[in-house]
Amino acid sequence: MERIEAVLKENRRFEPPEEFRKRARIQSEAEYEALYRESLEDPEAFWGRVAEELHWFEPWTQVLEWNPPHARWFVNGKTNLSYNALDRHVATWRKNKAAIIWEGEPGEERVLTYHDLWREVQRFANALKQLGVGKGDRVTIYMPMIPETAIAMLACARIGAVHSVVFGGFSANALAERIKDAEAKLLITADGGYRRGRVVPLKAQADEALAETPSVEHVVVVRRTGEAVPMQPGRDHWYHELVESVPDHCPPEVMDAEDPLFILYTSGSTGKPKGVLHTTGGYMVYTYLTTKLVFDLKDEDTYWCTADVGWITGHSYIVYGPLVNGATTLMYEGAPNHPEPDRFWRIVDKYGVTIFYTAPTAIRAFMKWGEAWPRKHRLDSLRLLGTVGEPINPEAWLWYHQVIGQGRCPIVDTWWQTETGGIMITTLPGAHAAKPGFAGKPFFGVAPEIRDAEGNRVETPEEGGYLVLTRPWPSMLRTVWGDPERYRRQYWSQYPDAYFTGDGARRDADGYYLILGRVDDVLNVAGHRLGTMELESALVSHPDVAEAAVVGRPHPEKGEAIVAFVTLKSHARPSEALREALKAHVANTIGPIARPDEIRFAEALPKTRSGKIMRRLLRQIAAGETEIKGDTSTLEDREVVEQLKRGE
Ligand code: 6R9
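Predicted model only: the values in this text are computed from it and were never measured.

A. Here's a closer look at the pairing of strand β2 (residues 70–75). The pairing of strand β1 (residues 62–67) with β2 spans 5 bridges and is classified as antiparallel. When the bridges of β2 are listed, N67 appears paired with H70. The antiparallel pairing of β1 with β2 creates a hairpin that spans 2 residues between the two strands.

B. Focus on the site of the ligand. In the neighbourhood of the ligand, 17 residues make up the surrounding shell, with D413, T414, T418, D503 and R529 lying closest. P391 places a main-chain nitrogen or oxygen 3.4 Å from a nitrogen atom of the ligand. Interatomic distance of 2.8 Å between a backbone N/O atom of T414 and a nitrogen atom of the ligand. Contact with the protein chains covers 96% of the free accessible surface of the ligand, which is 530 Å². Counting only elements with at least two residues in the shell around the ligand, the list comes to α12 (312–324), β20 (411–414) and β27 (513–518).

C. Highlighting the packing of aromatic side chains. Per the counting criterion, the structure on display carries 42 aromatic pairs. On the basis of an interplanar angle of 45° and a centroid distance of 4.8 Å, the ring pair of F14 and W397 is categorised as tilted. Taken together, the residues F14 in the loop between α1 (4–10) and α2 (18–21) and W397 in helix α16 (residues 394–404) connect sequence positions 383 residues apart. Grouping residues by exposure puts F14 and W397 together as buried.

D. Here's a closer look at the pairing of strand β30 (residues 545–555). Of the pairings in the sheet, the one linking β30 to strand β31 (residues 559–568) comprises 10 bridges and is antiparallel in character. When the sheet's bridge partners are listed, H555 is paired in β31 with G559.

Criteria and thresholds
Residue numbers run consecutively from 1 along every chain, following the written order of its sequence. In keeping with the predicted nature of the model, local features appear solely for residues at pLDDT of at least 70, side-chain atom pairs appear and are counted solely at 80 or more, and the whole-chain, interface and lining totals rest on all residues. Calculated side-chain values reflect all of the structure's heavy atoms, with hydrogen atoms and water omitted. Two strands make a pair as long as DSSP finds a minimum of two bridges between them. A run of H or I in DSSP becomes a helix once it reaches four residues, and a run of E becomes a strand once it reaches two; helices and strands are each numbered from the N terminus. One heavy atom suffices: a residue is near a molecule or strand as soon as one of its heavy atoms comes within 4 Å of it. Residues adjacent in sequence count toward polar contacts only when both atoms are side-chain atoms; beyond that, a polar contact is any pair of N or O atoms within 3.5 Å, and within protein one must be able to donate a hydrogen and the other to accept it. The accessible surface values rely on the Shrake-Rupley method and a 1.4 Å probe; as for residues, cover is taken only from the protein chains in view. The aromatic pairing rule takes the rings of Phe, Tyr and Trp, using the six-membered ring of Trp, and pairs them if the centres are within 6.5 Å, calling planes under 30 degrees apart stacked, those over 60 edge-to-face and the rest tilted. Each residue is placed in one exposure class: buried if its accessible area under a 1.4 Å probe, protein chains only, is under 20% of its type's maximum, exposed if it is over 50%, and partly exposed if it falls in between.

In structure tokens form, the structure reads like this:
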């Protein structure tokens, strides 16, 4: 194997392999350029043509209506996402094609054909209707990674209910907060799910959350683990009992293109998570096209995205994008290292996975576990690899390329966000050379720019700045649920004419974008977004804590580790036991992913004279830097910094 350090210095480009290119959907840079130009010059023609590949009950009268910052796509068009993901395929030879291949962590297998999935979705849609759920009602889904999760999402889409999937790793408290914000009428959960051989007690946590969510009238419980769970008569219903007694025919609700499809909560720079709202038509069209072109998806593919459905990647690229394309999408319930660190490669081998999409944090964990694990399995079926969630360091990129892709598979490094709904910046695998560390070029219709703090365009190659998007795109978020003012403030106030991504970026002379990471108070821990304010409010909700400031510290596998600086109330004393208690408290309040890696007790936090915590200083201290760089002239008390550095 070539030496990675040498490769890094070469600044290599990885051209699409000829074998790949000549079968690809987009085969050259020129082809990409021509389509890209059209997508900006005549977005209506471009997106109208794509949308025509899908089914509409009534056509749109206008492709785009843009009153910044509000976009409406496919105005007056009527469609239904579940119809496009299911009925459209059931009417063709795909009827008996595998739609979902599922593997449970303990090893069970289930294959649902398009016809199976279509019937299941209709049954569950009828069950939801029977429980009084209708168009526009919110349904919270708190589930493990099992087929019923996808069925629940599609059933909501079928009847026009708005789903809000809450990641199964979130705590009861985080779940309650999200149910309350959405005012959900119904909750779908399971008795539990499997993770690293243990049962995650979803129903127990749901019950705890439900104690404070009066809006929820009914709870549907899927039997997954078979563990005994309390069922509250009148409120709680077993999924399998409900679907037994309902017809398997449920006509799709005719939805306006701009009717809400789902809410998905994500962290921002304030304490309260934002309910990002996506609507039907634009989201459907954009995820359809990106899945097809970025993953070069063909009917023969076995496509596997390893995300959890609780995140946007699971929504767009496990469920909606692949199914609208009529693809076979694989779903795996559990951990990558259960029972051993080769579980993913075992799955690739067993099902003949051809397209594999995962996160850099997972790749770095595999690197650590060693090459022997993937080498135990045949990975020859793979033809394309992808990554998402955070910047990928070139070492990890090269390892992925050589060890997993065996030098044969192009890699797409896809930059996007919960808010963008779909992939925004990437290479197209048959058209572009890949450069390790660079996400690549804008997707069709996407107009990124790099700006400085004053709003000027940064045109000089390699110069960093803020990444913004200057054009509306079909799957852009439409608002923040229940808080339209926050939508404007959060995304459209930094620059009057552009969407503010919250990321820094630079561009090279070839027009490739390299994403530098968040520029706001959002951490990216193992690909999960966490707001520092959210973590801080969890800490100060502990009776011993007076004040807390949370920063990220570079971490070799997780990307960022969580470091919390904490001052205590006068009755409390620093101790190892309290340190552990605070970590557990944050994990209980938000979820295990939010557990701080380090708690540092301090007498005081460094503040400006106007009382703002100087996070920049804390970041440097957390990273172990002894020389504090940058301007400290506004610092209130220099001794505080000295103390924090000494770790007293
Ligand atoms: C899809 C998703 C969004 C944030 C985003 C950025 C980071 C995502 C990336 C990437 C560098 C990539 N991010 N993909 N950074 N390269 N390929 O992850 O959505 O959970 O909302 O996170 O993740 O910082 O702003 P979400």
